[in-house]
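So the chains spell out like this:
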Amino acid sequence: MEKFIVSARKYRPQTFDTVVGQGHITTTLKNAIKNHQLAHAFLFCGPRGVGKTTCARILAKTINCESPSVDGEACNQCHSCISFNEGTSLNIHELDAASNNSVDDIRSLVEQVRFAPQAGKYKVYIIDEVHMLSQSAFNAFLKTLEEPPPYAIFILATTEKHKILPTILSRCQIFDFKRITLQDTVDHLQGIANKEQIKTQETALQLIAQKSEGCMRDALSILDKIVSFTNGEVTYENTIEHLNILDAEYYFKLMECMLNQDLAGAMLLYDDINKKGFEGDMVLNGFSEFMRNLLICKDERVAGLLEIVETFKQRYTETAKKAEAGYIVSALNILNEAEINYRSARNKRLHVELALIKLCYLNQALEITANGTSIDKKKLIEGSKVVAFKTIQPIASPVKEIKTPTQTTVAAVEAKLIIETKPIKKIDENISKKPVETLLEPAASYNGNKGNDKPKLRSLEALRQKIKEDNCSDEDIMDHPLESQKLKKAWDQFIKQLKENKNPAWTSFELAELRIKDANSFEAIVNNNIHQKFLDFERNKVSAFLQKELCNRQLQFNIKLVEGKQEPIKDLPLSSKEQYQKLVEQYPLVKELRDRLRLELDY
């Protein structure tokens, strides 16, 4: 029995020309070899399965080839190329940094670099998955990577360039590998299928290429599995069955149900999908991709972004014409929200069915919203509303008879609106005690007079009077000039409030010196910045308090800082040292006791 070799290894490219989809890199490397402009360190970075390690091996083989071609390719016939193809070459060393990422592994590699090659020009060191090296390993590798021997070339390969130290990146020539395009993958798979005499359908190869997402190694692995599954015949039906992909036909049927608002058909279709074993999140994700493709088909300028099976392109275009762009965008929003919340949903099937119900009636909802016939609470709240006024009939004066000189009687009707107000001499004391709501007479009571009682403005005057009483008594309506005794008394009352509220600013207020400047202003003199900041912080509160207490609405005060003027602070607690000194003054024997016992004071 012949040993089976997977296609990814069996058909690994051996020359630069056979590398798929990386022409910008292979051309650069061939020109560098022809012009003898090889760098001492290369960094190949890009997605998985796009040819990084393959290009590194081809480069190692080509630079050691004894008779390279004119265009910079290896001959594959000399002793160096044959030994390299057979895996027996001593000029190439591969290191897997994922499993050899310690400092000792890098040190052993550095030790090998000192030995020159016995045959060939260069010794090539390929370090795969270099981003897995530890910080210490990177640091140990820096000096050798910067100034290697002339015969040593380092090729680093990684899928995550952002994890590599900037000091490593600056010492290498960086080559960014790109994902292999859909058409390049299909062509390569078709070439391998022809060599292996495998019957294939182009739609099946396109589906494999789409599933591989630009990774050639994944595409070859999928092809091997399907060939084993179908005994050498790759069709569209067995491909979607093997890859567990929901056929696009279901999405087209679902879309028809959505456009026709056929909820029953959509539910039965999803039940059929569910019985085939497809998970709900896979259905949501696939339908989202289907909607995205429909949106792209609406504009010919972005047709290149459409990566679908060739046979379905015409059908996508026809379906896209039936749906409006606004409907597709709204459907994408619903599907995206459902896919995000799918994991947290307890009943997965119900969660997907709710999304399908929304999609079925989405077209109707958009039409209702566009016509403006829906009941939208937000619109009702924000919309303007006409205020309903009640018409007040004017009070008509009695009919007067006016006699003309010709003895003709004419009835003249004069309509007048009469509002009588009585002068208010003194407001009842009970009015000021009532809440403000009782002072305001509603319009309903005014309308309920039915013409029996005359309208009154007494409540407005009472409200004004109450505001005056809050600010000052009836006899203190005028602003009173400042007096030292009253000012000091009100100042002390504010200090008392600060003490009750445990506000530390009371000390600064107590130490401040008050000086009246004129009838409506005074200044508070303090002796340091701390007291000034405390007073300034409470300025608004003390101003309002003094204006009310002293019945002076124009009262103002300034804070003046006079440095160097220190007043004794009263009632401050003594320190430990001061307590000891005071105790010694009263009882001298305490000091003698301390000296005899050789005690130390804990200050």
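Remember, predicted model here, so these are calculated numbers, not experimental data. (Residues numbered from 1 in each chain as written. Predicted model: local features only at pLDDT ≥ 70, side-chain atom pairs only at ≥ 80, totals over all residues. Heavy atoms only, no water.)

Within the protein, the secondary structure is distributed over 29 helices and 12 strands. Burial statistics for the protein: of 603 residues in total, 36% are counted as buried. Considering only contacts in the protein between residues 6 or more positions apart, those separated by 24 or more positions represent 71%. Element-wise, carbon and sulfur atoms account for 51% of the exposed surface of the protein, whose accessible area totals about 39,000 Å². (Helix = DSSP H or I, 4+ residues; strand = E, 2+ residues; numbered from the N terminus. Buried < 20%, exposed > 50% of the residue type's maximum accessible area, 1.4 Å probe, protein only. Contact = heavy atoms within 4.5 Å. Areas by Shrake-Rupley, 256 points an atom, 1.4 Å probe, with all protein chains shown as cover.)

As enumerated under the stated definition, the model contains 22 salt bridges in all. For Lys161, the salt bridge identified is with Asp176, shortest N-O distance 3.5 Å. On the criterion of sequence distance, the pair formed by Lys161 in the loop between β4 (152–158) and α7 (166–169) and Asp176 in strand β5 (residues 173–176) is long-range, its members being 15 residues apart. Look at Asp176 and you get partly exposed, because its relative accessible area is 43%. For Glu249, the salt bridge goes to Arg315, with nearest N and O atoms at 2.5 Å. On the criterion of sequence distance, the pair formed by Glu249 in helix α12 (residues 248–259) and Arg315 in helix α15 (residues 313–322) is long-range, its members being 66 residues apart. A relative accessible area of 25% places Glu249 in the partly exposed class. Among the charged side chains, a network of salt bridges with common partners joins Asp271, Lys275, Arg349 and Glu353. (Salt bridge = Lys/Arg side-chain N within 4 Å of Asp/Glu carboxyl O.)

With that settled, consider the sheet that holds strand β2 (residues 92–96). Overall, parallel pairing links the five strands, which are arranged β2-β3-β4-β1-β5 in an open sheet. Lying at the two open borders of the sheet, with one neighbouring strand each, are β2 and β5. Averaged over all pairs of adjacent strands, the angle between strand axes in this sheet comes to 15 degrees, irrespective of strand direction. Sheet contacts for helix α2 (residues 23–34): β1 (41–45) and β5; angle to β5, the most-contacted strand, approximately 150 degrees. In the packing of helix α5 (residues 103–113) onto the sheet, contacts are made with β2, β3 (123–128) and β4, and the angle to β3 comes to roughly 165 degrees. (Pairing = 2+ DSSP bridges. Axes fitted to C-alpha atoms, helices over the stretch in contact; angles between N-to-C directions.)

Turning next to unusual backbone geometry. Residues other than glycine seldom take positive phi values, yet Gln197 does so here, at roughly 55 degrees. Its place among the elements puts Gln197 in the loop between α8 (182–195) and β6 (199–200). Non-glycine residue Asn244 carries a positive phi angle of around 60 degrees. As for its position among the elements, Asn244 is in the loop between α11 (236–242) and α12. Using a relative accessible area of 38% as the deciding quantity, one classes Asn244 as partly exposed.

Summarising the sheet, β2 and β3 pair through five bridges and their orientation is parallel. Pairing of Ile92 across the sheet is with Val124, part of β3. On the question of chirality, the crossover connecting β2 to the parallel β3 by way of α5 is right-handed. (Right-handed = clockwise from strand over helix to strand, strands pointing away.)

Turning next to the sheet that holds strand β11 (residues 521–526). Sheet architecture is open: three strands sit in the order β10-β11-β12, paired in mixed fashion. The strands lining the two open edges of the sheet, one partner per strand, are β10 (513–518) and β12 (556–561). On average, each strand axis in the sheet is inclined to that of its neighbour by 25 degrees, with strand direction left out of account. Alignment of β11 against β12, held across six bridges, turns out to be parallel.

Of all hydrophobic cores here, the largest spans 68 residues; its most connected members are Ile208 and Phe287. Ranked by the residues each element gives to this core, the list is headed by α12, at nine residues. Residues contacting Phe287, with those up to four places away along its chain left out, are Tyr251, Leu254, Met255, Met258, Leu335 and Leu359. Residues Leu95, Ala97, Val130 and Ala137 belong to the second largest nonpolar core, which totals 24 residues. (Core = buried A, V, L, I, M, F, W, Y, C linked by side-chain atoms within 4.5 Å.)

Residue placement: Asp247 occurs in the loop between α11 and α12. Ignoring anything within four residues of it in the chain, the contact list for Asp247 reads Tyr236, Ile240 and Phe312.

In this section: a nonpolar patch on the surface. A surface patch of nonpolar side chains, about 290 Å² in accessible area, is lined by Phe4, Ile5 and Val6. Of note, Phe4 is situated in the segment before α1 (7–10). (Patch = residues over 30% accessible without salt bridge, like charges linked within 9 Å, V, L, I, M, F, W, Y side chains within 5 Å.)

What follows covers helix α3 (residues 52–63). Look at α3: 17 Å from first C-alpha to last across 12 residues, which is about the 16 Å you get at 1.5 Å a residue. The element α3 is largely enclosed, with a buried count of 11 among its 12 residues. When α3 is considered as a whole, its buried residues turn out to be Lys52, Thr53, Thr54, Cys55, Ala56, Ile58, Leu59, Ala60, Lys61, Thr62 and Ile63. Lining the buried residues of α3 we find α2, β1, α4 (79–86), β2, β3 and β4. (Expected span 1.5 Å × (residues − 1).)

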